[in-house]
Each structure stands twice: as structure tokens, then as C-alpha cells.
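Structure assessment
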Amino acid sequence: MFRMKIIFLLLFVARLALSSNLNGSLVLSSHSDEPTEGDTVELTCNITLPETNRSTLHYFWTMHHVWPYRQTWISYSNSSGAAVDTDGNIRPGYSFKDDGRTLVIDSVQYHDAHFSCRGSEDGETYSDTFQHYHQIKHTPYIFYIDPKAKKVNVAINESAIMTFGCKAYPSILPNGSWTFVNSVGVSKNLPPNSFNLHVETLGAFVLLLEFISSEYYGNYSYTVSNDIGSTTVTFQVLPEGPPDAPSNVRIQNVTNNTIVVEWNVMWSNSFDRRQTVCWQLADAENGTIVESSNATYNDIYNHTYRYRFDENIQPDTNYNVSVWSINKFGKSQVVEIEVERQKDPSLIPSVHPISLWILLGIAPTALIAVLLVYLVKRFKHNCQPQQLPKITMVATWARGWRRL
């Protein structure tokens, strides 16, 4: 018994020794070691194993996106060679060759810069994870824009700041600059009180405008370029004014006694970004306000809001829903939609199920009874002896008298 334990222990140690010898690397096969976005790329996982064990090796791949960073497990589908993720969904644009040993990317993108592969022998022992890094040549990619800075509303003598982040490979060319087009479409130099900052290590671009005057309301653009292409970012600097009207006002749900409405809160068009959104429900026929409310927002854009009207809702009345915004400069356009109602089914007279079954049972029986009575009367009428007319009887008697 002791010898058997020793033998099993030696076999286990040999197995570990074999697994520790699993060495490998990822080999990139493409137009160059630095492919350009859109090229077809092949990645081959080379793992050193004894030839006798080659057929038992299985490959598992992981795709590590550069931005936004996330990991996606993809595996080989024996039936079609397709790449399948952990949810069982086929990933278009990715496929496998050589029983999963080679990963094929039909059109490589900037975020396909990091893959890893590991080998499994008999589903038990895994090799080390082999990581592959390669740069994908691509046009500058804008990965961050402050949504509040895309449209900046400032008063005279106030300041505005515009910020965006950019990634590119090869590096961004240093000839980029801000351009300014005023509200009537004329290109001008940047305001004298402006500061342009570019932090290359972070890929950040910042433009600060101080002491704005009315002549510098308009569009500010920056074009980022490298050897592959260019990308342009545009910001608007506008005077303060009434807010934009809520957008995409829609009916989300309607019942006999409730109406649910949704809308998106838009730009406040004020430097402090404060606005109040108001809404009301009114009778479409006489304009009587049934219910109204409001909410104040301090710093929000394109936010979806939902409200449920449930006070004194009549099932057979049509209503108008009105939504608008207010800030310190005025009121936006009022957005109005009509809600058509149908009569409440509960108000329509209904037949009890038991009564319905009784009616369904009696009606055919009554019809059959009436038909039978009619047939019986018709039969009796046909069976009665017919009386000859008096004239015919006299003629018959006369013929008999003559024979005598």
C-alpha cells in the first residue's frame, strides 16, 4: 500500500513538472508589427509541448480593451470556427483557425492592442498567461468631452472653459490649434484673454476664455491630427438666455386612472445651469387643469424624467400634457401632446358568465321548440280529409240517378 502511494506521488510530481514546461508566446502576423486600423490581423499562440500531447491542448483567449478598459473572454467554436464570448454570443469580426490556436481579427481597431492566451492540457493543467501588446496605428480618438462644455453659456465679462481628451498613435502632430468662428460665421483670432493648454502625457486639451465680450460668442474648434488622419472637436460659447424646451416628450403608459409621461431635460442656457421644469395635465375639451407639478435642476443635461398623473383621471376624457422649462432669463417653448382616452370597459354593461351560459343553453332549445310546433301544425293540416265542393257533390248524385 505504501508503494502505491509513492508511485501516485511520483506521477503527480511528474505531471507538475510537465505542466511547468508549458512555454509559449503570441506571434503577430499582419502587414507589420504595428498594423493600421482596418487591417486584417492574425495572432498565433505558440505553446511548447511534447508532440504526443499536442492534440490534447485547448486554447483560451482574453481580449483586454485599452479604452474603455474591460476584459472579454472569447473561446473557439468547433462547429464554425467563430469566436464565442462567455454569454454564448458570437463576436462578429473575430474568428479562429488551427483549432483555436490562431485568432483572426478581420478589421483591427485601436482598442485591439492587448490579447492574452493560455493553453489547457486535458482540461486540467494551464500554462502561464501569455500577453501580447502591439500598437495599432489609428486616427486621433476623442475619449472624453465634458458634456457641459460642449455648449457654454456665459455672461459678459465672465469666463468659459472647454476641455477634451484625445488618444492617438502615432503621436499627435504639434501643429494643432484652436480656431474661432463668431455667431455670424466670420473666422477670427482667439480672444486676447485666452489660455491654451495641452498636456501630452494625459492627452488633455484645455481652452480657457476670460472676460468674454459679446464679439467672442460663437464656435471654438480644435483639430487633432497625426500621420493617419485627423479629428475635429467643436464647442459653442453662447450668451445666457431662456432654457431649451424639454425634448422627446412621450407617453410611457396609459391606464383607466393613470397617465405616465417621460421627457428629457435639456440645456439650461445659464452660467449657473439652474432651471426648473414644469408640467401639467389639462382637460383637452375645456382646458381645466387637473394636475400640475415641477422640479428644479442645478446641473444636469439630457436627463430622463418620468411623472405619473393619477389625480381625478377620468377614463373617457381626453387630456393635454404640457411640459416646459424656466430659468432666471425666461421660459422655454411649451411642449404639448394629447392623450386620447378610451371608455372604461368597467362602465360598459357586461353579462355575467353564468347568465351567458344560461342564454346560450336556452336560445337553441327555444328555437328547436318553435320549429317542432310549426312542423306538427303543418303535418296535421296535410292529414285532414278534404271536403268536395257542393257543386261537385250534386253532379255526382245526378250521374248516379240516371244509371238507375
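In this report, we go over the structure that sits alongside the text. Computed from a predicted structure; not experimentally measured. (Residues numbered from 1 in each chain as written. Predicted model: local features only at pLDDT ≥ 70, side-chain atom pairs only at ≥ 80, totals over all residues. Heavy atoms only, no water.)

Details of the overall build of the protein chain
A count of helices and strands for the protein chain gives 3 helices and 27 strands. For the protein chain, the proportion of its 404 residues judged to be buried stands at 34%. When contacts within the protein chain are restricted to residue pairs at least 6 apart in sequence, long-range pairs at least 24 apart make up 61% of them. Approximately 25,000 Å² of the protein chain is accessible, and the part contributed by carbon and sulfur atoms is 55%. (Helix = DSSP H or I, 4+ residues; strand = E, 2+ residues; numbered from the N terminus. Buried < 20%, exposed > 50% of the residue type's maximum accessible area, 1.4 Å probe, protein only. Contact = heavy atoms within 4.5 Å. Areas by Shrake-Rupley, 256 points an atom, 1.4 Å probe, with all protein chains shown as cover.)

So, the packing of aromatic side chains
Here the distance between the centres and the angle between the planes together describe a pair of aromatic rings. Within this structure, the stated rule accounts for 16 aromatic pairs. Pairing Phe 180 with Tyr 216 gives two aromatic rings, centres 5.7 Å apart and planes at 45°, and the pair type is tilted. Separated by 36 residues along the polypeptide, Phe 180 in strand β14 (residues 178-182) and Tyr 216 in the loop between β17 (204-209) and β18 (218-225) bring together distant segments of the chain. With relative accessibility at 1%, the residue Phe 180 sits in the buried group. (Phe/Tyr/Trp six-rings, centres within 6.5 Å; stacked < 30°, edge-to-face > 60°.)

Some remarks on the sheet that holds strand β21 (residues 259-265)
Taken in spatial order, the 3 strands make up an open sheet running β20-β21-β24, and their pairing is antiparallel. Each having just a single partner strand, β20 (247-254) and β24 (303-309) make up the two edges of the open sheet. Along the sheet, successive strands turn relative to each other by an average axial angle of 20°, direction set aside. (Pairing = 2+ DSSP bridges. Axes fitted to C-alpha atoms, helices over the stretch in contact; angles between N-to-C directions.)

Section: the environment of Val 184
Its place among the elements puts Val 184 in the loop between β14 and β15 (187-188). For Val 184 and Gly 218, which are 34 residues apart along the polypeptide, the C-alpha to C-alpha distance reads 8.1 Å.

Things to note about the sheet that holds strand β13 (residues 160-169)
Reading across from one edge, β11-β13-β17-β16 is the order of the 4 strands in this open sheet, with antiparallel pairing throughout. This sheet does not close on itself; its edge strands, each paired only once, are β11 (138-145) and β16 (194-199). Here the average twist between neighbouring strands, direction ignored, is 20°. As defined by bridge partners, β13 adjoins β17 across 6 bridges and the pair is classed as antiparallel. Each bridged residue has a counterpart across the sheet, and for Phe 164 the counterpart in β17 is Phe 205.

Quick notes on the pattern of salt bridges
All told, the structure shown has 6 salt bridges when counted by the stated rule. Where Lys 151 meets Asp 244, a salt bridge forms, and the shortest distance between an N and an O atom there is 3.0 Å. Placement of Lys 151 in strand β12 (residues 151-153) and of Asp 244 in the loop between β19 (230-238) and β20 is noted, with a sequence separation of 93 residues between them. For the salt bridge of Lys 188 with Glu 215, the shortest nitrogen-to-oxygen distance reads 3.1 Å. Here the residue Lys 188 occupies a position in strand β15, and Glu 215 occupies one in the loop between β17 and β18, the gap between them amounting to 27 residues. Its relative accessible area of 29% is what places Lys 188 among the partly exposed residues. Judged by its relative accessible area of 43%, Glu 215 is partly exposed. (Salt bridge = Lys/Arg side-chain N within 4 Å of Asp/Glu carboxyl O.)

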